[in-house]
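Residue strings, one per chain:
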Amino acid sequence: MNDNRQNQFQNGREASEYEEKILALDRVTRVVKGGRRFRFRATAVIGDGKGKVGVGVGKGGDAPSSIVKAVAKAKRAMIEFPLQDTTIPHEIQVSFGGATVFMKPAAPGTGVIAGGTVRAVLEAAGVSDILTKSLGSSSKINNAYATIEALKQLQKPVTKTEKAKTTVKKKEGSTV
């Protein structure tokens, strides 16, 4: 029974079906009357590799607590988006804050052509063939949230039979 319990935990934390990655761990400072107060801010991305991904930012007095908070927020903020094989269904460009992210589907075997933050989010999400460009701000947090917004706005690809059904319905409803 004890061996089974040990297998469920890795490095003191519970084993997860999600892939976790820490994008940034920053020491932030607040100036007060007696001097400076140091805290930590962690940005984490979590995904299942099958079209679900989330980003979270956590703050705490020490680095481990901020990482735990960031991962918990990322789990709560997970989104699901449509994948078309190993890429996205269509081009998209989204801005968040000062960051703009452009994404374009790529042929199988292309790989993830992306900067650090966008790459981490897309790899956690399970996208393995994509072309991207980050424009504007180089802020890791804004780029991560812009990538999430772009993935949220993706629409499922429409098949030819679905298109045919909608055109037939439109023709039946119109009076000529």
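Position labels on residues start from 1 in each chain and follow its written sequence. Since the coordinates come from a predicted model, pLDDT governs what is reported: local features require at least 70, and pairs of side-chain atoms require 80 or more to be given and counted, while whole-chain, interface and lining totals use all residues. Think of the side-chain values as coming from all heavy atoms in the structure, minus any hydrogens and water.

Draft legend 1. Expanded view of the overall build of the chain. Segments assigned H or I by DSSP are reported as helices when at least four residues long, segments assigned E as strands when at least two residues long, and all are numbered from the N terminus. Secondary structure summary: the chain contains five helices and ten strands in total. Accessible area is worked out with a 1.4 Å probe on protein chains only. A residue is then buried under 20% of its type maximum, exposed over 50%, and partly exposed in between. For the chain, with 176 residues in total, the buried portion stands at 33%. Pairs of residues are marked as contacts when any of their non-hydrogen atoms sit within 4.5 Å. Within the chain, residue pairs in contact and separated by at least 24 positions form 56% of the contacts whose partners lie at least 6 positions apart. All accessible-area figures derive from a Shrake-Rupley calculation using a 1.4 Å probe, and residue coverage is judged against the displayed protein chains alone. Total accessible area on the chain stands at roughly 11100 Å², and carbon and sulfur atoms take up 49% of it.

Draft legend 2. Inspection of the sheet that holds strand 10 (residues 130-136) at higher detail. A pair of strands is labelled paired if DSSP reports no fewer than 2 bridges between them. One open sheet holds the four strands; their spatial order is 7-8-10-9, and the pairing between them is mixed. With partners counted over all chains shown, the strands left at the sheet margins are strand 7 (92-96) and strand 9 (112-113), one partner each. The sheet contact formed by strand 8 (residues 99-105) and strand 10 spans seven bridges and is antiparallel. Opposite F102, over in strand 10, you have K133 as the bridge partner. Orientation is described by lines fitted to C-alpha atoms, with helices fitted over the stretch in contact, and by angles between N-to-C directions that extend from 0 to 180 degrees. On top of the sheet, helix 3 (residues 116-125) reaches strand 8, strand 9 and strand 10; it is set at about 145 degrees to strand 10, its chief contact. Strands strand 7, strand 8 and strand 10 of the sheet are contacted by helix 4 (residues 140-152), whose axis makes an angle of about 45 degrees with strand 8.

Draft legend 3. Spatial organisation of the pattern of salt bridges. Salt bridges, as used here, are contacts in which a Lys or Arg side-chain nitrogen is within 4 Å of a carboxyl oxygen on Asp or Glu. Taken as a whole, this structure holds three salt bridges when the rule is applied. D26 is the salt-bridge partner of R41, the closest N and O atoms lying 3.1 Å from each other. Pair noted here: R41 is in strand 4 (residues 35-47) and D26 is in strand 3 (residues 19-32), with a separation of 15 residues, a long-range link. Between E149 and K152 there is a salt bridge; the shortest N-O distance is 3.1 Å.

Draft legend 4. Focus on the confidence of the model for the chain. Confidence per residue, as judged by the predictor, is encoded in pLDDT with a range of 0 to 100. On average, residues of the chain score 87 in pLDDT, and 87% of them are at 70 or above. Confidence over residues 3-10 falls short of pLDDT 50; this stretch has six contacts with residues more than four positions distant or in other chains.

Draft legend 5. Spotlight on the environment of D129. Positionally, D129 belongs in the loop between helix 3 and strand 10. Of the residues examined, D129 reaches a relative accessible area of 6% and is grouped as buried. Here the alpha-carbon distance between D129 and T110, two residues 19 residues apart in the chain, equals 5.4 Å. Once residues within four sequence positions are removed from consideration, D129 is found in contact with T86, T87, A106, A107, P108, G109, T110 and G111.

Draft legend 6. Structural detail: unusual backbone geometry. Phi is positive for D85, which is not a glycine, with a value near 60 degrees. Tracing the chain through its elements places D85 in the loop between strand 6 (79-80) and strand 7. Residue class for D85 comes out exposed when judged on its relative accessible area of 73%.

Draft legend 7. Broad picture of the sheet that holds strand 3. Taken in spatial order, the four strands of this open sheet run 3-4-5-6, and their pairing is antiparallel. In this open sheet, the two strands that pair with only one neighbour each are strand 3 and strand 6. Sitting on the sheet, helix 4 touches strand 3, strand 4, strand 5 (52-60) and strand 6, and the angle it makes with strand 5 is about 150 degrees.

Draft legend 8. Geometry of helix 3. Most of helix 3 is tucked away: seven of the ten residues are buried. Of all the positions in helix 3, only T117, V118, A120, V121, L122, A124 and A125 are classed as buried. Buried positions along helix 3 lie against strand 3, strand 4, strand 5, strand 8, strand 10 and helix 4. Directly beyond the C-terminal end of helix 3, a positive phi value near 100 degrees is found at G126.

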